[in-house]
Number of protein chains: 2
Amino acid sequence: LTKGVVAATLTPMRADESPDLALLSDHCQKLRGDGCTSIVVLGTTGEANSFAVAERQHILEGLIDAAIKPDDLIVGTGCCAQGDTVALTRHALSVGVSRVLMLPPFYYKKVSEAGLFRAFAGAIEGVGDDRLRLYLYLIPQMSGIEIDVGLIERLLDAYPKTIAGLKDSSGNWPATQVLCRRLGARMDVLVGTETLLLRALEAGASGCVSATANVNAAAIAELFSQSDEPRAHELEKRVNAKRSVFEKYPMIPALKAYLAATTRKPDWRNMRPPLEQLTAAEVERLMYEIKPT
Amino acid sequence: LTKGVVAATLTPMRADESPDLALLSDHCQKLRGDGCTSIVVLGTTGEANSFAVAERQHILEGLIDAAIKPDDLIVGTGCCAQGDTVALTRHALSVGVSRVLMLPPFYYKKVSEAGLFRAFAGAIEGVGDDRLRLYLYLIPQMSGIEIDVGLIERLLDAYPKTIAGLKDSSGNWPATQVLCRRLGARMDVLVGTETLLLRALEAGASGCVSATANVNAAAIAELFSQSDEPRAHELEKRVNAKRSVFEKYPMIPALKAYLAATTRKPDWRNMRPPLEQLTAAEVERLMYEIKPT
């Protein structure tokens, strides 16, 4: 269902922090043109949780209206309140998008596996639509929630058609490797960074979801499709070097600053609180560090 | 503005997880009758973030319609999306409730102090109402966000009339003591547990916000107002013993199970995912452990 390099798109916004849908759809077209097979809209990189439910629906509709194909999109829909998760997921299906990336409810911490099962099962039953293809969103450094392989297998057993895959942004390779090996044959395992792409593919993953694809899509897509091993490892080095610069900064502000500078569209720098723009000095340093790669 | 023992009320719900407003308002009346000076509605204990914005507004309206005085309430309004926080805060003011307990946006982690300042300032400016009395909600074990004293002082300097206090649920006494001493004269410092009440009052706090007040309000209120020192320490021991039993379990499920058992209203046990009811064996053990106190 989902293979290759998936870009986790940023959400451009105007100075008043309203989403700039024209700029977003142009950006998504470019990401597709650069070789990304799908685009995650309103994930962590897209500041999803900084938008209210109605705003999120408006953003998705904007993309569909701009002739982005629904089948090219994966939409983030997981909220703390199950009603919101169900509403966003139903809305996605209503505009033709069947793939959603679903966070667990992320306010309460140290919750039980039974509670998380009930949360995902409740959302699936609440949506009640056979077309749904659900990707579980594992990002403990933001959600504070661990979703372990036993829970994923229980969900797969209960909803084999609906549970289509997962995105693992833990950045913890040994854990990711276990997910690839145990689940790669049953679902799309997507790693949350291109730096693990080659290793993950070898272990059974289908691809990666990448934030840095916003600024490096073509090279990452080439890395995925490169069959010549020495050439792939050379590409991997270059791709990793570029990512490592962005990782020195808060990722979203750094990506937005880079796009503002390279596209000469200063609005790219805008973002919603609690995120903050890089300082002018940080931007200068970032652009200097990027150059050599 | 806020002194004494504040109960952080649970939100009772039916088997279908819809809020039971009649049971909630009866419970709030009882908490007031037992000596709680105010009631936090839709805080962590009230499963606030498990309800959508419209549901939260409906719950608050239900209490007002049941003749709970708006001045007796403090309403939780902090969400990840600033638009939701502003909408809930404006709604509270529109029904006469001026005191709100505001979480920082809690999805992104490791955010800067500047970003958090911008989030709270943006919410205050977005509400734009002089009647607002804002209590900052410090609960890093759930929100994943640290709000340090420097940020609070910056907010107090910028919005001296609006920033009315804070609730500190960190459970970290040395840090709480610093907050009481540095801020107690400028704002209402409320500690998040009655176990720290006496110490906190001595250090400059105004009172406590307590989850266990749902099941032990009268004793905790007596602890607050007890001027005889030996008697106060005796009461503190009893109150702490009762709380320590609940702390052996997930707090919200345990409080709900206890109320279901003692009021013979089994609906008290219902809660929304990702929280899970205690098992029958756990309930039995809880009730056995509570008895001796």
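Above this text is the structure in question.
This is a predicted model, so every value here is computed, not measured.

**With respect to the pairing of strand S8 (residues 207-210) of chain A**
All names here are of chain A. Along S8, one buried face is formed by Gly207 and Val209 and the opposite face, lined by Cys208 and Ser210, is buried too. The pairing of strand S1 (residues 4-8) with S8 spans 4 bridges and is parallel. Across the sheet, residue Val6 finds its bridge partner in S8, namely Val209. Once the chain exits strand S7 (residues 188-191) it traverses helix H8 (residues 197-203) before rejoining the sheet at S8, and the crossover so formed is right-handed.

**A word on the pattern of salt bridges**
Scanning the entire structure with this criterion turns up 30 salt bridges over all chains. Across the pair Glu17 of chain A and Arg118 of chain B runs a salt bridge, and its minimum N-O distance is 2.9 Å. On the criterion of chain membership, the pair formed by Glu17 of chain A in the loop between S1 and helix H1 (21-33) and Arg118 of chain B in helix H4 (residues 113-127) is interchain, its members lying in two chains. Connected through shared salt-bridge partners, Glu17 and Glu276 of chain A together with Arg118 of chain B make up one network.

**Observations regarding helix H11 (residues 251-263) of chain A**
Residue and element names in this part refer to chain A. The end-to-end C-alpha distance of H11 is 18 Å, a good match for the 18 Å that 13 residues give at a rise of 1.5 Å each. Of all the 13 residues making up H11, 10 are buried; the element is thus mostly covered by neighbouring parts of the structure. Residues Met251, Ile252, Pro253, Ala254, Leu255, Lys256, Ala257, Tyr258, Leu259 and Ala260 constitute the buried set of H11. For H11, the elements touching its buried residues are H1, helix H9 (213-225), helix H10 (229-246) and helix H12 (280-290). Just downstream of H11, Arg264 is the residue with a positive phi angle, here 60°.

**Things to note about the interface of chain B and chain A**
Taken together, the 37 residues of chain B in the interface contact 37 residues of chain A. Here chain B meets chain A over a buried area of about 3000 Å², counting both sides, of which 59% is carbon and sulfur. Those elements that provide at least two residues to the side of chain B that touches chain A are helix H3 (82-94), H4 and helix H5 (140-143) of chain B. Take the side of chain B that touches chain A: its biggest share by element is 5 residues, from H4 of chain B.

**Overview of the packing of helix H10 (residues 229-246) of chain B against helix H12 (residues 280-290) of chain B**
Residues and elements named next belong to chain B. The geometry of H10 relative to H12 is characterised by a closest axis approach of 10 Å and an angle of 170° between their N-to-C directions. Between H10 and H12, the angle is such that the two are roughly antiparallel. Only Leu286, Glu289 and Ile290 of H12 make contact with H10, whose side of the interface consists of Lys242, Val245 and Phe246. Each residue belonging to the contact of H10 with H12 can be placed in one class, and the counts come to 4 nonpolar, no polar and 2 charged.

**A short note on the sheet that holds strand S6 (residues 163-168) of chain B**
Residues and elements named next belong to chain B. Ordered in space as S1-S2-S3-S4-S5-S6-S7-S8, the 8 strands form a closed barrel in which the pairing is parallel. Strand-to-strand twist across the sheet, computed as the mean angle between neighbouring axes with direction ignored, equals 25°. As defined by bridge partners, strand S7 (residues 188-191) adjoins strand S8 (residues 207-210) across 2 bridges and the pair is classed as parallel. Note that in S8 the partner of Val191 across the bridge is Cys208.

**Some words on the relation of the copies chain B and chain A**
Mapping chain B onto chain A leaves a residual RMSD of 0.0 Å; the transformation is a rotation of 180° accompanied by 0.0 Å of translation along its axis. Such values leave the two copies arranged in the relation of a two-fold axis. Residue Gly144 of chain B, judged by its C-alpha, is the member of chain B lying nearest the rotation axis, at 3.8 Å. A symmetric contact is evident, with 100% of the interface residues of chain B recurring at the interface of chain A.

**Section: the nonpolar core**
Membership of the largest hydrophobic core comes to 216 residues, with the highest contact counts inside it found for Leu286 of chain A together with Leu286 of chain B. Among residues more than four places away in sequence, those in contact with Leu286 of chain B are Val245, Phe246, Tyr249, Ala254, Ala257, Tyr258 and Leu278 of chain B.

**A word on the environment of Tyr108 of chain A**
Assignment of secondary structure puts Tyr108 of chain A in the loop between strand S4 (99-102) and helix H4 (113-127). With a relative accessible area of 3%, Tyr108 of chain A lands in the buried category. Along the sequence, Tyr108 of chain A and His233 of chain A sit 125 residues apart, while their C-alpha atoms lie 41 Å from each other. Residues within four places of Tyr108 of chain A in sequence aside, it is in contact with Ile145 of chain A together with Thr44, Glu47, Ala48, Ser50, Met142, Ile252, Pro274 and Leu275 of chain B. Reaching out from Tyr108 of chain A, the side chain makes a polar contact with the backbone oxygen of Thr44 of chain B at a distance of 2.4 Å. Here the side chain of Tyr108 of chain A touches Glu47 of chain B through a polar contact of 3.3 Å, landing on its backbone nitrogen.

**Concerning the sheet that holds S7 of chain A**
Residues and elements named next belong to chain A. Read around the barrel, 8 strands follow the order S1-S2-S3-S4-S5-S6-S7-S8 and close on themselves; strand pairing throughout is parallel. Going from strand to strand, the sheet's axes swing by 25° on average, the running direction of each strand aside. In terms of strand pairing, strand S3 (residues 73-76) meets S4 through 2 bridges, oriented parallel. Paired with Gly76 across the strands is Leu101, a residue of S4.

**Digging into helix H9 (residues 213-225) of chain B**
Three or four residues apart is the spacing at which side chains of an α-helix point the same way, because the helix has 3.6 residues per turn. Residue and element names in this part refer to chain B. The end-to-end C-alpha distance of H9 is 15 Å, clearly below the 18 Å that 13 residues give at a rise of 1.5 Å each. Among the residues of H9, Ala213, Asn214, Val215, Asn216, Ala217, Ala219, Ile220, Ala221 and Leu223 are the ones counted as buried. Buried-residue contacts for H9 involve strand S1 (4-8), helix H1 (21-33), helix H8 (197-203), S8, H10 and helix H11 (251-263).

**Considering empty space enclosed by the protein**
For the structure on display, the rule yields 7 cavities of 30 Å³ or more. Its volume calculated, the largest cavity comes out at about 230 Å³. As for the largest cavity, its lining consists of 20 residues, and the residues nearest its centre are Cys80 and Asp84 of chain A together with Cys79, Cys80 and Asp84 of chain B. Every element with two or more residues in the lining of the largest cavity is listed here: helix H2 (53-65) of chain A together with helix H2 (53-65) of chain B. Class assignment for the residues of the lining of the largest cavity results in 14 nonpolar, 2 polar and 4 charged.

**Points about the packing of aromatic side chains**
Two measures describe an aromatic ring pair: the distance that separates the ring centres and the angle between the ring planes. Scanning the model with the defined rule gives 7 aromatic pairs over all chains in all. With a centroid separation of 5.1 Å and an interplanar angle of 70°, the aromatic rings of Tyr107 of chain A and Phe106 of chain B are classed as edge-to-face. Within this pair, whereas Tyr107 of chain A is found in the loop between S4 and H4, its partner Phe106 of chain B is found in the loop between strand S4 (99-102) and H4, the two belonging to separate chains. Tyr107 of chain A sits in the buried class, given a relative accessible area of 2%. With a centroid separation of 5.4 Å and an interplanar angle of 80°, the aromatic rings of Phe246 of chain A and Tyr258 of chain A are classed as edge-to-face. Here Tyr258 of chain A lies in helix H11 and Phe246 of chain A lies in helix H10, a separation of 12 residues in the sequence. Taken individually, Phe246 of chain A and Tyr258 of chain A each receive the classification buried, so the pair is uniform in this respect. The structure contains a cluster of three or more aromatic residues connected by ring pairs, namely Phe106, Tyr107 and Tyr108 of chain A together with Phe106, Tyr107 and Tyr108 of chain B. The ring of Phe117 of chain A has Arg154 of chain A lying over it, and the distance from NZ or CZ to the ring centre is 4.1 Å. A cation over a ring is seen here: Arg199 of chain A above Trp173 of chain A, with NZ or CZ 5.3 Å from the ring centre.

Parameters at a glance
Residues numbered from 1 in each chain as written. Chains lettered and ligands numbered in written order. Predicted model: local features only at pLDDT ≥ 70, side-chain atom pairs only at ≥ 80, totals over all residues. Heavy atoms only, no water. Buried < 20%, exposed > 50% of the residue type's maximum accessible area, 1.4 Å probe, protein only. Helix = DSSP H or I, 4+ residues; strand = E, 2+ residues; numbered from the N terminus. Pairing = 2+ DSSP bridges. Right-handed = clockwise from strand over helix to strand, strands pointing away. Salt bridge = Lys/Arg side-chain N within 4 Å of Asp/Glu carboxyl O. Expected span 1.5 Å × (residues − 1). Contact = heavy atoms within 4.5 Å. Buried area = accessible area lost by both parts, 1.4 Å probe. Axes fitted to C-alpha atoms, helices over the stretch in contact; angles between N-to-C directions. Parallel < 35°, antiparallel > 145°, perpendicular 65-115°, else oblique. Nonpolar A, V, L, I, M, F, W, Y, C, P; charged D, E, K, R; others polar. Least-squares fit on C-alpha atoms with pLDDT ≥ 70 in both. Core = buried A, V, L, I, M, F, W, Y, C linked by side-chain atoms within 4.5 Å. Polar contact = N/O pair within 3.5 Å; in protein donor to acceptor, adjacent residues only side chain to side chain. 1 Å grid on protein atoms, 1.4 Å probe; cavity = no way out; pocket = protein on both sides within 12 Å on 5 of 7 lines; lining within 4 Å. Points joined across faces, edges and corners; volume = space filled by probe spheres on them. Phe/Tyr/Trp six-rings, centres within 6.5 Å; stacked < 30°, edge-to-face > 60°. Lys NZ or Arg CZ within 6 Å of the ring centre and 35° of its normal.

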